[in-house]
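# Descriptive structure summary
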Amino acid sequence: MKILVATHNIGKLKEFEAILKPRGYTLYNLEDYKVNMDGFEETGETFAENAMLKAHFVHALVNMPVISDDSGLMIDALPDILGVKSARFMGEDTDYKIKNQAILDLLSSKEDRSAAFHSAIAVVGLQGDLLFEGQCDGHIAHEILGDHGFGYDPIFVPNQRDMSFAQMGDIEKNKISHRALALEKFVEYLNEKED
Ligand code: ITT
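Counting restarts for each chain, with residues numbered from 1 along the sequence as it is written. Owing to the predicted nature of the model, reporting of local features is limited to residues with pLDDT of at least 70; listing and counting of side-chain atom pairs is limited to 80 or more, with chain, interface and lining totals taken over all residues. The side-chain quantities take in all heavy atoms of the structure and omit both hydrogens and water.

### Some points on the site of the ligand
Heads up, the condition is: Each residue is tested against the molecule or strand, and it is near if at least one of its non-hydrogen atoms lies within 4 Å. Whenever two N or O atoms come within 3.5 Å, that pair is a polar contact, provided that in protein one can donate a hydrogen and the other can accept it, and provided that, for residues adjacent in sequence, both atoms are side-chain atoms. Surface exposure here means Shrake-Rupley accessible area, sampled with a 1.4 Å probe, where a residue is shielded only by the protein chains that are shown. Cavities and pockets are found on a 1 Å grid laid over the protein atoms alone: a cavity is a set of points where a 1.4 Å probe fits but cannot escape, a pocket is an open set with protein on both sides within 12 Å along at least five of seven lines, and a lining residue has an atom within 4 Å of such a point. A pocket or cavity is taken to hold a molecule when more than half of that molecule's atoms are within 2 Å of the pocket's grid points. Only DSSP runs of H or I reaching four residues or more are called helices, and only runs of E reaching two or more are called strands; each is numbered from the N terminus.
Around the ligand there are 21 residues in total, and T7, K54, Y96, D153 and K173 lie nearest to it. Take Y152: an N or O atom from its main chain is 3.1 Å from a nitrogen atom of the ligand. Relative to its unbound accessible surface of 610 Å², the ligand loses 93% to contact with the protein. More than half of the atoms of the ligand fall within 2 Å of the grid points belonging to the largest pocket. Going through the elements one at a time, β3 (66–75) and α5 (178–194) are the ones with two or more residues in the shell around the ligand.

### Looking at the sheet that holds strand β2 (residues 26–29)
So the rule is basically this: Any two strands with at least two DSSP bridges between them are considered paired. Axis definition: a line fit to C-alpha positions, over the contact stretch in the case of helices; interaxial angles, taken between N-to-C directions, run 0 to 180 degrees. By definition in these notes, contact holds between two residues if any of their heavy atoms fall within 4.5 Å.
Overall, mixed pairing links the 6 strands, which are arranged β2-β1-β3-β4-β5-β6 in an open sheet. The open sheet terminates on both sides in strands that have one partner only, identified here as β2 and β6 (156–158). Across the sheet, the axes of successive neighbouring strands diverge by a mean angle of 35 degrees, strand direction being ignored. Relative to strand β5 (residues 129–140), strand β4 (residues 114–124) runs antiparallel, the two sharing 11 bridges. Residue pairing for β5: A120 is matched across the bridge by E133. Against the sheet, helix α2 (residues 47–59) engages β1 (2–5), β3, β4 and β5, with an angle of about 155 degrees to β3. Along the sheet, helix α4 (residues 165–176) contacts β4, β5 and β6; its crossing angle with β6, the most-contacted strand, is approximately 45 degrees.

### Remarks on the packing of aromatic side chains
Which entries qualify depends on this criterion: Between 30 and 60 degrees the pair is tilted, below 30 it is stacked and above 60 it is edge-to-face, where a pair is any two Phe, Tyr or Trp rings, Trp via its six-membered ring, whose centres lie within 6.5 Å.
Under the counting rule described, the total for this entry stands at 9 aromatic pairs. Members of the aromatic cluster, connected to one another through ring pairs, are Y25, F132, F186 and Y189.

### Side note on the environment of G125
Note the cut-off: Remark: exposure states derive from per-residue accessible area (1.4 Å probe, protein chains only) relative to the maximum for the residue type, with buried under 20%, exposed over 50%, and partly exposed in between.
Residue placement: G125 occurs in the loop between β4 and β5. Given a relative accessible area of 40%, G125 falls into the partly exposed group. Along the sequence, G125 and I140 sit 15 residues apart, while their C-alpha atoms lie 37 Å from each other. Beyond its immediate sequence surroundings of up to four residues, G125 is in contact with H59 and P65.

### Let's talk about the pattern of salt bridges
Just so we agree on the cut-off: One speaks of a salt bridge when a side-chain nitrogen belonging to Lys or Arg is within 4 Å of a carboxyl oxygen belonging to Asp or Glu.
In this structure the tally under the stated criterion is 11 salt bridges. Close ionic contact of R179 with E15 constitutes a salt bridge, the shortest N to O distance being 2.6 Å. Taken together, the residues R179 in helix α5 and E15 in helix α1 (residues 10–20) connect sequence positions 164 residues apart. As far as burial versus exposure is concerned, R179 and E15 are alike and both buried. One salt bridge in this structure joins R161 and E172, with 2.8 Å as the shortest N-O distance. Here the residue R161 occupies a position in the loop between β6 and α4, and E172 occupies one in helix α4, the gap between them amounting to 11 residues. Linked by salt bridges that have partners in common, K12, E15, D69, D153, K173 and R179 make up one network.

### Looking at the pairing of β4
As a general feature of sheets, a regular strand has side chains that alternate between the two faces. With 10 of 11 residues buried, β4 lies mostly within the body of the structure. For β3 and β4, the ladder comprises 10 bridges, and the chain directions are antiparallel. Residue pairing in the sheet places I75 in a bridge with A115 of β4. Between the antiparallel neighbours β4 and β5 lie 4 residues, among them G125 with a positive phi of about 100 degrees.

### Details of the side chain of D153
Here D153 is to be found in the loop between β5 and β6. When its relative accessible area of 1% is taken as the criterion, D153 is described as buried. At a separation of 2.9 Å, a polar atom in the side chain of D153 contacts the main-chain amide nitrogen of F150. For D153, the residues in contact, after removing those within four places along its chain, are F117, H148, S164, F165, A166 and K173.

Honestly, it's all geometry; don't read function into it.
Quick look at the structure:
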C-alpha cells in the first residue's frame, strides 16, 4: 500500500518508516510530492483534531492516502505549557537542548514528575477518516539522558524501562512508544479488514 506521511519532523518520519516499511507499506513524504504546508495551522484543541486537520490539508493537495501524526508530551505538574502545544513551547525553532533544560528547571521544585507522551494518527483517503491513538506513560528524568531520537526523548523515561527514550535507541523505542502503539492499531485495523 502507498501512503504519504504528512510530517516535517524527520524523527517522526524515521519512526513511521521503521514501523510501517517492514509491514509492506510504501511510504512517501512531503518532499516527494513537493507539498507546501505553509498555510497550515494547528488550530485544534486535541491531538486527534490536529492530526485530522493535517491529514486533510495534505490530502486536498495529493491524490493518494495520507497519514499524519499529532503528538506531544504531557507533564502532570506543568499542565499548561506542553500537550498539544509541545512543538510551540519556547518557539518552534528553539533547540531542544534548551527546551529540555528549561523543563528540568521548571520541575526542579516539584515532587510529581509523572508524564506521558501521546500520539494521534489520522489516515485520510483510504477508508473515510481513520483515527488511532497511543499513549506511553512515564516520568521526567532529573537530567538530560542520551542522544538518540528527537525532541523531548532525552528527558522522558517510560514506565516499562529504566532509561530515557534517547538512551534506548530506535528499535526499543519503537516497541513501546506512543506512536508505535497508535501505528500498531492502524496496522491491526487494516489486517482485520483484509480477513
Ligand atoms: P509535524 O506537525 O510536521 O508532524 P511537529 O514536530 O511540529 O511535526 P507536532 O505538532 O505533532 O509535530 O508536535 C509534536 C511535539 O512533541 C514536538 O515538539 C515533538 O518534538 C514532540 N514529540 C512528539 N513525539 C515525540 C517523541 O516520540 N519523542 C520526542 N518528542 C516528541
